Amino acid sequence: MFSLDWKKRIYANFNIYKKWKLFNKRLKNVDEIQNIRFSYTPGVIIIDEAGINANSKDTRNEQNRVLQEILFLVRKLNCSLIWISQRFESIDINARVLSELIIKMRKIRRKNKPPIFIAVKQKQIWSNLNFVHEYKIDCIKLMESYKLTYNTLE
């Protein structure tokens, strides 16, 4: 029987806490990604600052080559891959073309309140981004409701 306890297989290059306890497996470098093995339990790999860690302009970098390999082999690990970047264009073209969904976030500042975000879901088809859906999200409330925290400076 397949396990549906996906929470056991969350890997990220930053720490995520739930109720102040570490919620994910921390990836300190790209070599640790290569140590992830297949499991029938689905997983997710989250790479923050993908524009730095997998820069489309620096393809000869060893770290970049490892991330490219993971990009093409992540499905063989039964994992999904989430790339977070300041600029969509800085992410390697292979990651953009292979993506199932692209979510662009735009911050809306509010007086005396935490910001909210406009999330625009898009799908890349070749060189075009096609609109799927747009919605507002209050990330602070969402994280509070799930009792999630993380260090924004990591």
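Residues numbered from 1 in each chain as written. Predicted model: local features only at pLDDT ≥ 70, side-chain atom pairs only at ≥ 80, totals over all residues. Heavy atoms only, no water.

Asker: Teacher, can you tell me more about the overall build of the protein here?
Answerer: Check the secondary structure of the protein and you find five helices and 10 strands. Within the protein, the fraction of its 154 residues that count as buried is 32%. A fraction of 53% describes how many contacts in the protein between residues 6 or more apart in sequence connect residues 24 or more apart. Roughly 11,100 Å² of accessible area belongs to the protein as shown, and the carbon and sulfur atoms make up 55% of that amount. (Helix = DSSP H or I, 4+ residues; strand = E, 2+ residues; numbered from the N terminus. Buried < 20%, exposed > 50% of the residue type's maximum accessible area, 1.4 Å probe, protein only. Contact = heavy atoms within 4.5 Å. Areas by Shrake-Rupley, 256 points an atom, 1.4 Å probe, with all protein chains shown as cover.)

Asker: Explain the nonpolar core here, please?
Answerer: One broad trend across soluble globular proteins is that nonpolar side chains are buried collectively. Formed by 18 residues in total, the largest nonpolar core has its most connected members in I33, I36, I45, C79 and W83. When contributions to this core are tallied by element, the ones reaching two or more residues are α1 (30-34), β5 (43-47), α3 (62-73) and β6 (79-83). The element best represented in this core is α3, accounting for four residues. With residues near it in sequence (within four places) discarded, I33 still touches L27, I47, L67 and I70. Judged by nonpolar contacts, the second largest core, of six residues, contains I10, F14, I16 and I46. (Core = buried A, V, L, I, M, F, W, Y, C linked by side-chain atoms within 4.5 Å.)

Asker: Just to check I follow, could you spell out the pattern of salt bridges for this structure?
Answerer: Side chains bearing opposite charge may pair, as long as their charged atoms lie close to each other. With the rule as written, the count across this model stands at one salt bridge. With a closest N to O distance of 3.8 Å, D138 and R110 form a salt bridge. Of this pair, D138 sits in the loop between β9 (128-137) and α5 (139-145) while R110 sits in strand β7 (residues 102-110), and the two are 28 residues apart along the sequence. Owing to a relative accessible area of 18%, D138 belongs among the buried residues under this scheme. Using a relative accessible area of 30% as the deciding quantity, one classes R110 as partly exposed. (Salt bridge = Lys/Arg side-chain N within 4 Å of Asp/Glu carboxyl O.)

Asker: How should the sheet that holds strand β10 (residues 148-150) be read in this particular structure?
Answerer: Backbone-to-backbone hydrogen bonds join strands into a sheet, with any given pair of strands oriented parallel or antiparallel. Taking strand neighbours across the sheet as the criterion, the three strands line up as β3-β2-β10 in an open arrangement whose pairing is antiparallel. Every other strand in the sheet has two partners, leaving β3 (21-22) and β10 as the edge strands with one partner each. In the sheet, strand β2 (residues 16-18) pairs with β10 via three bridges, with the strands oriented antiparallel. For K18, the partnering residue across the bridge sits in β10 and is L148. (Pairing = 2+ DSSP bridges.)

Asker: Mind showing me how you'd approach the packing of aromatic side chains here?
Answerer: The relative placement of two aromatic rings is captured by the distance of their centres and the angle of their planes. A full pass over the atoms with the stated rule returns one aromatic pair. Measuring from ring centre to ring centre gives 5.1 Å for F38 and Y40, while their planes differ by 85°; the resulting arrangement is edge-to-face. (Phe/Tyr/Trp six-rings, centres within 6.5 Å; stacked < 30°, edge-to-face > 60°.)

Asker: Mind showing me how you'd approach unusual backbone geometry here?
Answerer: If you check the backbone angles, W20 has positive phi at about 65° while not being a glycine. With respect to the element layout, W20 can be found in the loop between β2 and β3. Note on W20: relative accessible area 70%, which makes it exposed. Here the phi dihedral of K147 falls at roughly 55°; this positive angle occurs in a residue that is not glycine. Within the secondary structure, K147 is located in the loop between α5 and β10. K147 gets classed as partly exposed once you look at its relative accessible area, which sits at 47%.

Asker: What is the right way to look at the pairing of β9 in this model?
Answerer: Looking along a regular strand, one sees the side chains alternate between the two faces of the sheet. As paired strands, strand β8 (residues 113-125) and β9 are joined by nine bridges and run antiparallel to one another. Opposite K121, over in β9, you have H133 as the bridge partner. The antiparallel hairpin formed by β8 and β9 contains two residues in its connecting segment, where W126 sits at a positive phi of about 55°.

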